[in-house]
Amino acid sequence: SSYRFVSSGINAEYGDQWYTFLRQHQILCERLFQIDTYNRAVVEQEMKDRKSRKEPTAQAIKMRQPNPMPVEHYYNHFLSLVKDLLDCNVEPAVYEDKLREMFGVNAYIAFTLDKLITHIVRQSHTLATDTTCNQIKSSYLKHRGQGGAGGSLSTQPTRSTAETTYLKETEQLLSEHNLYKIYFYKQGSKLTIELLDGEQVDETENEETGRSEDAGQGAGVNDKGESMDTSTT
């Protein structure tokens, strides 16, 4: 198992702008996953009931036209609708009505995806143009090459000094901003975020110094080779 102090299995210290982008991206992924999961359930039920299900009452009395689209195509059609909404090719009210036709009461999950995606695009532009954001990225790439931005969990104690150096450098870059320690774990596609303050950074440095002196005993890693939670509360 491996991790990054920023991006594959990584260890990264990001400021507010990076944190905001990651949270927005996470929300987008969660909503898409929810819609996809619900659509799979609808397809599965449709396969079971297609032969025996009676015509819905609303369609029988001509109050509603049957949806000509097979349920298997709902998710791809949903993605197309989101693109059309972003391109202003469909009105928001029409977009929402079409989602209700496909996903019923669960459609609300996707009602504001266009606004969320717009925020992500704006945030991406900020990350690409903001001086501090680019300094943070450069710092990460430098320390990643030096072994201070992640690797195998089983060998983490050997990188404690390099990771502490990375943490201190990022603290200097973000002296007037919130500091987050963000871990991306390759196994299980897991992401964790911890908000740090100055005292926590100092404590981390002291803890890592102590661990490096005791690395022979595998400090910071349990007997299964997994990282141990050492965050303070």
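Higher on the page you've got the structure.
Note that the structure is a prediction, hence the values are computed from the model and not measured. (Residues numbered from 1 in each chain as written. Predicted model: local features only at pLDDT ≥ 70, side-chain atom pairs only at ≥ 80, totals over all residues. Heavy atoms only, no water.)

Okay, the overall build of the protein chain next. For the protein chain, the helix and strand inventory stands at 8 helices and 5 strands. What you see in the protein chain, going N to C, is helices and strands ordered as β-β-α-α-α-α-α-α-β-α-β-β-α. When the 233 residues of the protein chain are sorted by exposure, 35% land in the buried category. Total accessible area computed for the protein chain in this model is approximately 14200 Å², and 50% of it derives from carbon and sulfur atoms. (Helix = DSSP H or I, 4+ residues; strand = E, 2+ residues; numbered from the N terminus. Buried < 20%, exposed > 50% of the residue type's maximum accessible area, 1.4 Å probe, protein only. Areas by Shrake-Rupley, 256 points an atom, 1.4 Å probe, with all protein chains shown as cover.)

The next subject is helix α4 (residues 92–103). Across its 12 residues, α4 extends 16 Å between first and last C-alpha, which sits within 8% of the 16 Å expected from 1.5 Å per residue. Within α4, the full set of buried residues consists of Tyr 95, Leu 99, Met 102 and Phe 103. Across the axial projection of α4, the buried residues extend over an arc of 75°, all falling on one side. Of the surrounding elements, those touching the buried residues of α4 are α1 (16–49), α3 (74–86) and α5 (113–129). In the stretch just after α4, Gly 104 is the one whose phi turns positive, near 60°. (Expected span 1.5 Å × (residues − 1). Arc of directions from axis to C-beta. Contact = heavy atoms within 4.5 Å.)

Before going further, it helps to spend a moment on the nonpolar core. In this structure, Phe 78, Tyr 95, Leu 99, Phe 103 and Leu 113 are the most contacted members of the largest nonpolar core, which totals 36 residues. Counting only elements with at least two residues in this core, the list comes to α1, α3, α4, α5, α6 (131–145) and β4 (179–185). Ranked by residues supplied to this core, first place goes to α1 with 7 residues. Ignoring sequence-local partners within four residues, the contact set of Leu 99 consists of Phe 78, Leu 81, Gly 104, Ala 107, Ala 110 and Phe 111. (Core = buried A, V, L, I, M, F, W, Y, C linked by side-chain atoms within 4.5 Å.)

Let us now look at the packing of α1 against α3. Viewed as axis vectors pointing N to C, α1 and α3 meet at an angle of 145°, and their least axial separation amounts to 9 Å. Of the residues in α3, those in contact with Leu 32, Ile 35, Asp 36 and Asn 39 of α1 are Tyr 74, Tyr 75, Phe 78 and Leu 79. The class makeup of the residues in the contact of α1 with α3 is 6 nonpolar, 1 polar and 1 charged. (Axes fitted to C-alpha atoms, helices over the stretch in contact; angles between N-to-C directions. Nonpolar A, V, L, I, M, F, W, Y, C, P; charged D, E, K, R; others polar.)

On to unusual backbone geometry, then. Positive phi, normally seen in glycine, also occurs at Cys 88, with a value near 65°. Structurally, Cys 88 can be placed in the loop between α3 and α4. Residue Cys 88 is classed as exposed on the basis of its relative accessible area, which comes to 69%.

With respect to the element layout, Asp 114 can be found in helix α5. If sequence neighbours within four positions are ignored, Asp 114 has contacts with Leu 85 and Leu 86.

With that settled, the discussion passes to the packing of aromatic side chains. Going through the model one piece at a time under the given rule, you end up with 6 aromatic pairs. Taking 4.2 Å as the distance between ring centres and 5° as the angle between the ring planes, the aromatic pair formed by Tyr 19 and Tyr 180 counts as stacked. Of the two residues, Tyr 19 sits in helix α1 while Tyr 180 sits in strand β4, which places them 161 residues apart along the sequence. Residue Tyr 180 is classed as buried on the basis of its relative accessible area of 9%. Among the aromatic residues, those joined into a cluster by ring pairs are Tyr 38, Tyr 74, Tyr 75, Phe 78 and Phe 103. (Phe/Tyr/Trp six-rings, centres within 6.5 Å; stacked < 30°, edge-to-face > 60°.)

Right, let's talk about the pattern of salt bridges for a bit. Applying the stated criterion across every chain, the model contains 6 salt bridges. Across the pair Arg 100 and Glu 96 runs a salt bridge, and its minimum N-O distance is 3.6 Å. Taken together, the positions of Arg 100 and Glu 96, both in helix α4 and 4 residues apart, correspond to about one turn of that helix. Accessibility expressed as a relative area gives 40% for Arg 100, which makes it partly exposed. In this structure Glu 96 comes out as partly exposed when scored by relative accessible area, which is 24%. A salt bridge links Arg 159 to Glu 163; the shortest N-O distance between them is 3.7 Å. By the burial criterion, Arg 159 is buried, and Glu 163 matches it. (Salt bridge = Lys/Arg side-chain N within 4 Å of Asp/Glu carboxyl O.)

Geometric descriptors of this kind do not, in isolation, establish any biological role.
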